[in-house]
2 protein chains.
Amino acid sequence: MKTAVPRLVEVRRSVLKQNDLIAAMLRERFHGAGVRAVSLVSSPGSGKTALLEKTLTVLTKNHRVAALVGDLATENDATRLRRSQAPVRQIVTGTVCHLDAGMVRDALEGWKLEELDYLFIENVGNLVCPSSYDLGEELRAVLLSVTEGEDKPLKYPTIFDSADVAVVTKVDLAPAVEFDWDAVRRNIAAVRPGMEVLGVSAKTGEGFDDWMGCLTRF
Amino acid sequence: MKTAVPRLVEVRRSVLKQNDLIAAMLRERFHGAGVRAVSLVSSPGSGKTALLEKTLTVLTKNHRVAALVGDLATENDATRLRRSQAPVRQIVTGTVCHLDAGMVRDALEGWKLEELDYLFIENVGNLVCPSSYDLGEELRAVLLSVTEGEDKPLKYPTIFDSADVAVVTKVDLAPAVEFDWDAVRRNIAAVRPGMEVLGVSAKTGEGFDDWMGCLTRF
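Residues numbered from 1 in each chain as written. Chains lettered and ligands numbered in written order. Predicted model: local features only at pLDDT ≥ 70, side-chain atom pairs only at ≥ 80, totals over all residues. Heavy atoms only, no water.

**Q** Quick one: what's the story with the interface of chain B and chain A, residue by residue and with numbers?
**A** With 42 residues of chain B at the contact, the number on the chain A side is 43 residues. Of the roughly 3,700 Å² buried at the junction of chain B and chain A (both faces included), carbon and sulfur atoms supply 61%. Between the two partners, chain B and chain A, sit six salt bridges. Among the ionic pairs, Glu178(A) bridges to Lys203(B), the shortest N-O distance being 3.9 Å. Where chain B touches chain A, the interface holds nine residue pairs in polar contact (both at pLDDT 80 or more). Residue assignment for the side of chain B that touches chain A shows that the elements contributing at least two residues are helix H1 (4-33), helix H3 (76-81) and helix H5 (152-155) of chain B. Sorting elements by how many residues they give to the side of chain B that touches chain A places H1(B) first, with 10 residues. When the residues that make up the side of chain B that touches chain A are grouped by side-chain class, the tally is 20 nonpolar, 11 polar and 11 charged. (Contact = heavy atoms within 4.5 Å. Buried area = accessible area lost by both parts, 1.4 Å probe. Salt bridge = Lys/Arg side-chain N within 4 Å of Asp/Glu carboxyl O. Polar contact = N/O pair within 3.5 Å; in protein donor to acceptor, adjacent residues only side chain to side chain. Helix = DSSP H or I, 4+ residues; strand = E, 2+ residues; numbered from the N terminus. Nonpolar A, V, L, I, M, F, W, Y, C, P; charged D, E, K, R; others polar.)

Put into structure tokens, the structure is as follows:
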């Protein structure tokens, strides 16, 4: 019994190694096909789907866009995102707390990547486990809603460190929660110096142009 | 390589079995010592620490209370909770996405349980992984802040099903986010029929008496 945890660590290492191999293949496929793959990670309820719905709706006007969306249960997010007219596939993970590269590869089956400009991948809501799993994405955005508190980057450093851009969401609620922008910027910089920090509200549209700029720039 | 995931499942089963044994021992110790063990689980930023700080401050007036608090990194929560004058110990999990019974057992070392009426255990902010780990607690409260959205019980059913009471937090923000109480009650009931649902605001104190009633009743 005492060996269970070291064995878990060892097996987990092998799973991560396998994941990295698949992710590297995916990344190559994305590059080859000229599709920009963007993943979104955050706590449950930070507003990944709301931001993505608005993003898909705007991008589909001038770009070819698709999305994969991960959840433990329900097809609700895919149904919601399909209102944007973009093709969307739900990945239902069951009890698995994150997406992995194999799930992404399998979910892409039958899609012609050459016909896409952008592929969005919305991870399961979890600020811990997704950090270890490379999905072959070119840009990883970590979302943090103003209502979660400014301390989250310090308490969940790995996921902030694994991301390329931090998006502070629900900024329309910032006054109601007395959100401290200086503190959050300081905490993000402590974990990942130099990372770009954006503020958006999917509700009011505030900051949305900066987010779109970030997507087209990278 | 192909066997990595089945092996992970098998090893994880053995880890969970080991956890259940330790949790059963803990539960026996808690019962024998007459201490009521209460755990709190939720997403990051749902307000576990804010609720716990207020709870400790009130309970310490008439009861002997202590707390363990789990985080990937920082001692911040323990420092904050110690303002209540209750003894508090931080469990820093590193990259581990949940507390387990062994961590709780180790953190209790040197504490005389017989001298406590209540022991609170605040889990790592994660709406997925903590659901599988029994900590020997008598009451598990799952928190959900109004800003996270009413759909979360359907999307994270396992953790709601593993809990004994659902506490909707930050109800002071309910009007700002047009929170739909009927929907959240319906979604919780779909996952865990009959589970008690409370609404609280650690900021304004709204609903706090119901929460205290729940703690003293069980």
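The discussion continues.
**Q** Tell me about the packing of helix H2 (residues 48-59) of chain A against helix H8 (residues 208-217) of chain A, and please be specific about residues and values.
**A** In a packed pair of helices, the relevant descriptors are the angle between the two axes and the axis-to-axis distance. All names here are of chain A. Running from amino to carboxyl end, H2 crosses H8 at an angle of 70 degrees, the nearest separation of the two axes being 11 Å. The angle between the axes of H2 and H8 places the two elements in the roughly perpendicular class. As H2 runs across H8, the sense of the crossing is right-handed. Residues Leu-51, Lys-54, Thr-55, Val-58 and Leu-59 of H2 touch H8, and the partners they reach there are Phe-208, Trp-211, Met-212 and Leu-215. (Axes fitted to C-alpha atoms, helices over the stretch in contact; angles between N-to-C directions. Parallel < 35°, antiparallel > 145°, perpendicular 65-115°, else oblique. Left-handed = near helix turned anticlockwise from the far one by under 90°.)

**Q** I'd like to hear about the sheet that holds strand E5 (residues 139-145) of chain A, residue by residue, with values.
**A** All names here are of chain A. The seven strands lie next to each other as E3-E2-E4-E1-E5-E6-E7, forming an open sheet whose pairing is parallel. The open sheet terminates on both sides in strands that have one partner only, identified here as strand E3 (88-92) and strand E7 (196-199). Strand-to-strand twist of the sheet, defined as the mean angle between neighbouring strand axes without regard to direction, takes the value 20 degrees. Pairing of strand E2 (residues 65-71) with E3 involves five bridges; the strand directions are parallel. (Pairing = 2+ DSSP bridges.)

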